[in-house]
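Analysis of the macromolecular model
Here is what each chain is made of, one letter per residue.
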Amino acid sequence: MSRRVAVIDIGSNSIKLLVADRTDKGRIRTILAAIEEARISRGISGAHPTLSEHGMSVGIAAVTRLMAAAAEHDPDNTAIVATSAVRDARNGAEFRKRIQEATGTDIRILTGDEEAELIGLGLVFDAELAKERDFLVFDLGGGSLECLEFRDRGVARSASLQLGCVRLTEKFVADADGPFTDEDIARVADEVNRVVGMKFPLPAKDKVPAIATGGSMATARS
């Protein structure tokens, strides 16, 4: 009998819930997908990133609501994971403790390498990519950019870079509440080109499809 699982992903901008199980053919079947725009990561670009009291309170409330929504579907197992904002914050351990006290469930704080690895594992099971053999993936969140290169449907290399949209906006955009200026765009582009060029140089000899994923990309697309 297929196990039903619930996963809550605490990201820098949004907190997502997925309740799913497997079909008889081994495919992942979504039972419930939900999202809360918590934006816990304000201030992440500072020298000493710290989650604000407001950010933690909003995050805890969002996780509590999503846990209640998941419970209605009787999952066999529920996991909570956190990514860039929590792993980089000086008080990430405090936030983790408060989530556990509120929900009775511990948080697994993913390293950058673990985050990239799990993104890759998830994409291998994506039916939309079943025909792709070699491709690049760029998963853009609020705190980090995960880059993966697939060869023959396996991850050949990966990198987790501190190039999330919140981090870049706080560092390089003069007025985050206004439209981006040409100068803003140039500063962001220079930083992205510099870091990607050093840590995840793009393949030069052959051209492969590039796939963009992540909450920031979904927002830009809409």
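Structure's up top.
Residues numbered from 1 in each chain as written. Predicted model: local features only at pLDDT ≥ 70, side-chain atom pairs only at ≥ 80, totals over all residues. Heavy atoms only, no water.

1. A short note on the packing of helix H1 (residues 53–71) against helix H3 (residues 92–103)
The interhelical angle for the contact between H1 and H3, taken along N-to-C directions, is 35°, at an axis separation of 10 Å. Judged by the twist between their axes, the crossing of H1 over H3 is right-handed. Between H1 and H3, the residues in contact are Glu53, Met56, Ser57, Gly59, Ile60, Val63, Thr64 and Met67 and Glu94, Phe95, Arg98, Ile99, Ala102 and Thr103, respectively. Counted by class, the contact of H1 with H3 contains 7 nonpolar, 4 polar and 3 charged residues. (Axes fitted to C-alpha atoms, helices over the stretch in contact; angles between N-to-C directions. Helix = DSSP H or I, 4+ residues; strand = E, 2+ residues; numbered from the N terminus. Left-handed = near helix turned anticlockwise from the far one by under 90°. Contact = heavy atoms within 4.5 Å. Nonpolar A, V, L, I, M, F, W, Y, C, P; charged D, E, K, R; others polar.)

2. Topic: the side chain of Glu146
Along the polypeptide, Glu146 turns up in strand E7 (residues 145–151). When near neighbours in sequence (up to four residues on either side) are disregarded, Glu146 contacts Arg87, Gly112, Glu115, Ala116, Ile119, Val137, Phe138, Asp139, Ala159 and Ser160.

3. Let's talk about helix H4 (residues 112–124)
Taking 1.5 Å per residue, 13 residues should reach 18 Å; H4 reaches 19 Å between its end C-alpha atoms and fits that length. Against the buried residues of H4 lie helix H2 (84–88), strand E6 (135–140), E7, strand E8 (154–161) and strand E9 (210–213). (Expected span 1.5 Å × (residues − 1).)

4. Overview of a nonpolar patch on the surface
Together, Ile28, Leu118, Leu121, Val124 and Phe125 line one region of the surface with nonpolar side chains, adding up to about 420 Å² of accessible area. Per-element tally for the nonpolar patch: the top contributor is H4, with 3 residues. Structurally, the position occupied by Leu118 is in helix H4. (Patch = residues over 30% accessible without salt bridge, like charges linked within 9 Å, V, L, I, M, F, W, Y side chains within 5 Å. Areas by Shrake-Rupley, 256 points an atom, 1.4 Å probe, with all protein chains shown as cover. Salt bridge = Lys/Arg side-chain N within 4 Å of Asp/Glu carboxyl O.)

5. Description of the pairing of strand E4 (residues 77–82)
Of the strand pairs in this sheet, strand E1 (residues 5–10) and E4 are connected by 6 bridges, and their pairing is parallel. Looking at the pairing, Asp9 lines up with Val81 of E4. (Pairing = 2+ DSSP bridges.)

6. Here we look at the sheet that holds E6
If you trace the 4 strands from one edge of the open sheet to the other, you get E8-E7-E6-E9, paired in mixed fashion. Sheet topology places E8 and E9 at the edges, where each strand pairs with a single neighbour. Going across the sheet, the axis of each strand differs from the next one's by a mean of 15°, ignoring polarity. Here E7 runs beside E8; their pairing, made up of 7 bridges, is antiparallel. Residue pairing in the sheet places Glu149 in a bridge with Arg157 of E8. Those strands touched by H4 are E6, E7, E8 and E9, and its axis lies near 50° from that of E7.

7. Some remarks on the packing of aromatic side chains
Scanning the model with the defined rule gives 2 aromatic pairs in all. The interplanar angle of 10° and the centroid separation of 4.4 Å between the aromatic rings of Phe135 and Phe150 together place this pair among those described as stacked. Taken together, the residues span a long stretch of sequence, with Phe135 in strand E6 and Phe150 in strand E7 at a distance of 15 residues. When its relative accessible area of 2% is taken as the criterion, Phe135 is described as buried. Given a relative accessible area of 1%, Phe150 falls into the buried group. Pairing Phe138 with Phe200 gives two aromatic rings, centres 6.3 Å apart and planes at 85°, and the pair type is edge-to-face. Of this pair, Phe138 sits in strand E6 while Phe200 sits in the loop between helix H6 (182–199) and E9; the two residues are 62 residues apart in sequence, bridging distant segments of the chain. The positively charged end of Arg157 is found above the aromatic ring belonging to Phe200, 4.0 Å away from the centroid. (Phe/Tyr/Trp six-rings, centres within 6.5 Å; stacked < 30°, edge-to-face > 60°. Buried < 20%, exposed > 50% of the residue type's maximum accessible area, 1.4 Å probe, protein only. Lys NZ or Arg CZ within 6 Å of the ring centre and 35° of its normal.)

Geometric descriptors of this kind do not, in isolation, establish any biological role.
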